[in-house]
Amino acid sequence: AQSVAQPEDQVNVAEGNPLTVKCTYSVSGNPYLFWYVQYPNRGLQFLLKYITGDNLVKGSYGFEAEFNKSQTSFHLKKPSALVSDSALYFCAVRALNSGNTPLVFGKGTRLSVIA
Amino acid sequence: DGGITQSPKYLFRKEGQNVTLSCEQNLNHDAMYWYRQDPGQGLRLIYYSQIVNDFQKGDIAEGYSVSREKKESFPLTVTSAQKNPTAFYLCASPPLTGPGDYGYTFGSGTRLTVV
């Protein structure tokens, strides 16, 4: 079975400081990993994905994520947070060779960037 | 622009009533999914359809029904058997070859409230 854990319900960071939103996963085989962002009363928007290759993945709006196979983690990072980054962030996973089975999502982490 | 349209944006249901949420896509994708979002619980899969005239139950299908008579449309009916239907409902669709380069496209959601 596939699962995703986002251990922090809420992350607070000052504007201009680096931010990290944590995600760990469990799948059989190699993972296909995503980060999405959600603004209030909206659908989810794609930020970035990891399939294979470089462990550091760059995505939209200056976000990046680091894949760590040994720790089964895929933490989302940004060097300098903006107030406009405040939103709900979801990590998602499925096994790479599982056909088109639906993604499994974490419970979400609310990021609050304080000016 | 290609995308997913969900309607209505807000929906109110009386006790014992069935209501239907609309999801339409012009992406020419085969697969369409319905997720339910509750605070602190992330996204949970209700039903999914990989192709027209076929659909499967997700993790929380009880009290819901779907149909997939057309490629573009995947309506979700919340029946009176669903005892706690108040939630935010999201429709999503992956690209033709699986999650692909940008993962799922999401609709803007329908917020259902029981009155």
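Refer to the structure printed above.
Only a predicted model underlies this, so the values are computations on that prediction, with no experimental measurement involved.

Q: So what about the overall build of chain A? Which residues, and what values?
A: A tally of helices and strands in chain A yields zero helices and twelve strands. If you list the helices and strands of chain A from N to C, you get β-β-β-β-β-β-β-β-β-β-β-β. Here the C-alpha atoms of chain A give a radius of gyration of 14 Å, agreeing with the 13 Å that 2.2 N^0.38 yields for 115 residues. Among the 115 residues that make up chain A, the fraction classed as buried is 45%. At a minimum sequence separation of 6, the contacts of chain A that also span at least 24 residues come to 57%. For chain A, the accessible area works out to roughly 5,400 Å², and carbon and sulfur atoms hold 49% of it. The average position of the 10 basic charges and that of the 7 acidic charges among the side chains of chain A differ by 8 Å.

Q: Quick rundown of the interface of chain A and chain B? Include the residues and the values.
A: Facing 20 residues of chain A, the contacting portion of chain B comprises 27 residues. For the pair chain A and chain B, the summed buried area comes to about 1,800 Å², and 53% of that belongs to carbon and sulfur atoms. Taken as a group, Asn41(A), Asn100(A) and Pro102(A) account for 32% of the area that chain A buries against chain B, more than any other trio of residues on that side. Here chain A is connected to chain B by zero salt bridges.

Q: Which residues make up a nonpolar patch on the surface, and what are the values?
A: Among the surface-exposed residues, Tyr10(B), Phe12(B) and Val115(B) lie close enough to one another that they form a single nonpolar patch of about 340 Å² accessible area. When you line up the elements, Phe12(B) lands in strand β2 (residues 10-13).

Q: Tell me about the environment of Pro94(B), residues and numbers included.
A: Here Pro94(B) is to be found in the loop between β9 (87-93) and β10 (105-106). Along the backbone, Pro94(B) and Tyr35(B) are 59 residues apart, and their C-alpha atoms lie at a distance of 13 Å.

Q: Residues and numbers for the sheet that holds strand β7 (residues 64-66) of chain B, please.
A: Residues and elements named next belong to chain B. Pairing is antiparallel in the open sheet, where four strands are placed in the order β1-β3-β8-β7. Two strands lie at the open edges of the sheet, namely β1 (4-7) and β7, each paired on one side alone. On average, each strand axis in the sheet is tilted by 20° relative to the strand beside it, whichever way the strands run. Across four bridges, the pairing between β1 and strand β3 (residues 19-25) is antiparallel. Bridging across to β3, Thr5 finds its partner in Glu24.

Q: Could you give an account of the state of the cysteines, naming the residues involved and the relevant values?
A: By definition, a disulfide links the sulfur atoms of two cysteines through a covalent bond. Scanning the entire structure with this criterion turns up two disulfides over all chains. The residue that forms a disulfide with Cys23(A) is Cys91(A), at a sulfur-sulfur distance of 2.0 Å. With the S-S dihedral at roughly -65°, the linkage between Cys23(A) and Cys91(A) falls on the left-handed side. Linking Cys23(A) in the loop between β3 (19-21) and β4 (24-26) with Cys91(A) in strand β10 (residues 87-95), this pair joins segments that are 68 residues apart in sequence. Disulfide pairing places Cys23(B) opposite Cys91(B) at an S-S distance of 1.9 Å. Across the disulfide from Cys23(B) to Cys91(B), rotation about the S-S bond amounts to roughly -70°, and the bridge is consequently left-handed. With Cys23(B) in strand β3 and Cys91(B) in strand β9, the pair connects residues that are 68 residues apart, well separated along the chain.

Definitions and cut-offs
- Residues numbered from 1 in each chain as written.
- Chains lettered and ligands numbered in written order.
- Predicted model: local features only at pLDDT ≥ 70, side-chain atom pairs only at ≥ 80, totals over all residues.
- Heavy atoms only, no water.
- Helix = DSSP H or I, 4+ residues; strand = E, 2+ residues; numbered from the N terminus.
- Rg over C-alpha atoms; globule rule 2.2 N^0.38 Å.
- Buried < 20%, exposed > 50% of the residue type's maximum accessible area, 1.4 Å probe, protein only.
- Contact = heavy atoms within 4.5 Å.
- Areas by Shrake-Rupley, 256 points an atom, 1.4 Å probe, with all protein chains shown as cover.
- Lys, Arg positive; Asp, Glu negative; His and termini not counted.
- Charge placed at Lys NZ, Arg CZ, Asp CG, Glu CD.
- Buried area = accessible area lost by both parts, 1.4 Å probe.
- Salt bridge = Lys/Arg side-chain N within 4 Å of Asp/Glu carboxyl O.
- Patch = residues over 30% accessible without salt bridge, like charges linked within 9 Å, V, L, I, M, F, W, Y side chains within 5 Å.
- Pairing = 2+ DSSP bridges.
- Axes fitted to C-alpha atoms, helices over the stretch in contact; angles between N-to-C directions.
- Disulfide = S-S within 2.5 Å.

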